[in-house]
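If you want the building blocks of each chain, they are given just below.
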Amino acid sequence: MGRSFVVEADGGSRGNPGPAGYGAVVLDPQTGETLAEAAEYIGVATNNVAEYKGLIAGLRAAHALAPDATVHVRMDSKLVVEQMSGRWKIKHPDMKPLAAEAATVFPRVRVTYEWIPREKNKHADRLANEAMDAGKKGKQWEPSASEADLAAAEPRVVGDAAARAAKARAALGRAAAAPEPLTLPEASEAEPVTAPAVGWGAAADLGAPTTFVLLRHGETALTPEKRFSGSGGSDPELSAVGRRQAQAVATTLAARGTVQEIVSSPLRRCRETADVVAARLGLDVRVEEGLRETDFGAWEGLTFAEVRERYPADLDAWLASPKAAPTGGGESFASVARRVSTARDKLIARCAGRTVLVVTHVTPVKTLVRLALGAPPESLFRMELSAASLSAVAYYADGNASLRLLNDTSHLR
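Residues numbered from 1 in each chain as written. Predicted model: local features only at pLDDT ≥ 70, side-chain atom pairs only at ≥ 80, totals over all residues. Heavy atoms only, no water.

Asker: For this particular structure, what's the right way to read the sheet that holds strand β5 (residues 111-115)?
Answerer: Spatially, β3-β2-β1-β4-β5 is the arrangement adopted by the five strands of the open sheet, whose pairing is mixed. The sheet terminates laterally at β3 (34-45) and β5, the two strands that pair on one side only. On average, adjacent strands in this sheet sit at an angle of 20° to one another, irrespective of strand direction. With ten bridges connecting them, strand β2 (residues 18-27) and β3 associate as antiparallel partners. Across the sheet, residue Ala20 finds its bridge partner in β3, namely Gly43. With respect to the sheet, helix α1 (residues 47-65) is in contact with β1 (4-13), β2, β3, β4 (70-75) and β5, its orientation differing from that of β1 by roughly 155°. (Pairing = 2+ DSSP bridges. Helix = DSSP H or I, 4+ residues; strand = E, 2+ residues; numbered from the N terminus. Axes fitted to C-alpha atoms, helices over the stretch in contact; angles between N-to-C directions. Contact = heavy atoms within 4.5 Å.)

Here it is, written out as structure tokens:
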């Protein structure tokens, strides 16, 4: 009869997606002795990618020690445990290759899975963070520099820790395998290993932030002509270019695998953009009235030059004060900020700890960014925001916010 091992694995992404790494440890189930360790910095990836990579590395390390072994996997990722146990369906096509790869290391009948809380997964967590720390310095994790075995030791682990670590590093050298190409999955669960510090010296673990991935809708016929197009105009549909942009965004977000919910402005161009992404991700779209664009009043459909020519005094007042409204009963930026912040607070309360795709317009995106940064209203005029661009803001439990991305259009190139 073959040997038995316990594999503990973890992965993390500082940004989700962001700089990512994984860690895995193979343990003797009777003594708790560390038999092998594995860790790697994998570049920019999602939490779930790193977790699956950690699982695969742990299984490979166990296989290198004894190909006929039975393995009990312990992880703090509910997503990975439930999917690999067969209790949750793997809906997203980009997730399936990772799960399939993990399933090929050992026959399925010889691997069992158990979810454990994060505090019970300290060894693998420490390895993952060591890998990410190494990546931050432009290096890869080196087993000789690891202190994870010493730092995570618990009463169940017996014997000399330094000797166990040396043995583990020797086993890792034997078990090392060539790196696999990165495959990006869906995310039905966001579990950052460590939340970024908020402010200098912050050390509190605030848990998973609520993350808004902010998507400006794709182009309409008015977009390339740079005409005012708000909530008081013709409500244009996406152009052919805009539909192609929406498909490009959908492909990119599917590859990143982080979006768990989708909300959209009620205006047609946003709903059409959101529907394209939702179809790709297999999610529903919730309409949020507070995310609509500014009502530009009499300026709707005009260019900036045409407004300057027809309503110069009103335009000057609008540029000078967030309380000034466009000609003809339009909406001031102050009014937009109030309804956007109300919509933001509702979403944060409803989607705590989740990643939400927010499909909206120029002014709401800029407003959310401005409020996150604590920037003055005039900053709205100092941001570039392209059609179908992605931005991201993370909101933490202590009320702080962190801007993670602004006007990313790499998916359109």
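Further notes follow.
Asker: Which parts of the structure should I look at to understand the side chain of Ser332?
Answerer: Its location among the elements puts Ser332 in the loop between α10 (312-320) and α11 (333-350). Aside from chain neighbours lying at most four places away, what touches Ser332 is Pro322, Lys323, Ala324, Ala325 and Pro326.

Asker: Mind showing me how you'd approach the pattern of salt bridges here?
Answerer: Pairs can form between side chains of opposite charge whenever their charged atoms are close. Enumeration according to the criterion identifies 20 salt bridges in this entry. The residue Glu306 makes a salt bridge to Arg227 at a minimum N-O spacing of 3.1 Å. Of this pair, Glu306 sits in helix α9 (residues 304-310) while Arg227 sits in the loop between β6 (210-216) and α7 (240-256), placing them 79 residues apart in sequence. Judged by relative accessible area, Arg227 falls into the partly exposed class, the value being 25%. Notably, a salt bridge pairs Arg339 with Glu331, separated by 2.8 Å at the nearest N-O pair. Given a relative accessible area of 13%, Arg339 falls into the buried group. Three or more residues joined by partner-sharing salt bridges are found here, namely Glu8, Arg74 and Glu114. (Salt bridge = Lys/Arg side-chain N within 4 Å of Asp/Glu carboxyl O. Buried < 20%, exposed > 50% of the residue type's maximum accessible area, 1.4 Å probe, protein only.)

Asker: Honestly, the packing of aromatic side chains in this entry has me stumped. Any pointers?
Answerer: Geometry of an aromatic ring pair is reported as the spacing of the ring centres plus the angle between the planes. If you walk through the whole model with that rule in mind, you get nine aromatic pairs. Geometrically, the ring pair formed by Trp299 and Trp318 is edge-to-face, given 5.2 Å between the ring centres and 90° between the ring planes. Residue Trp299 is found in the loop between β8 (285-287) and α9, and its partner Trp318 is found in helix α10; the two are separated by 19 residues along the sequence. Just as Trp299 is buried, Trp318 falls in that class too. (Phe/Tyr/Trp six-rings, centres within 6.5 Å; stacked < 30°, edge-to-face > 60°.)

Asker: Help me understand helix α12 (residues 362-373) in this model?
Answerer: Side chains of residues three or four places apart in an α-helix project in the same direction, reflecting 3.6 residues per turn. With twelve residues, α12 should cover 16 Å at 1.5 Å per step; its first-to-last C-alpha distance of 17 Å lies within 8% of that length. By the criterion of burial, α12 is predominantly enclosed, with nine of the twelve residues buried. Buried residues of α12: Thr363, Pro364, Val365, Lys366, Thr367, Leu368, Val369, Arg370 and Ala372, and no others. Summarising the contacts, the buried residues of α12 are in contact with β6, α11, β9 (355-360), β10 (390-395) and β11 (401-408). (Expected span 1.5 Å × (residues − 1).)

Geometric descriptors of this kind do not, in isolation, establish any biological role.
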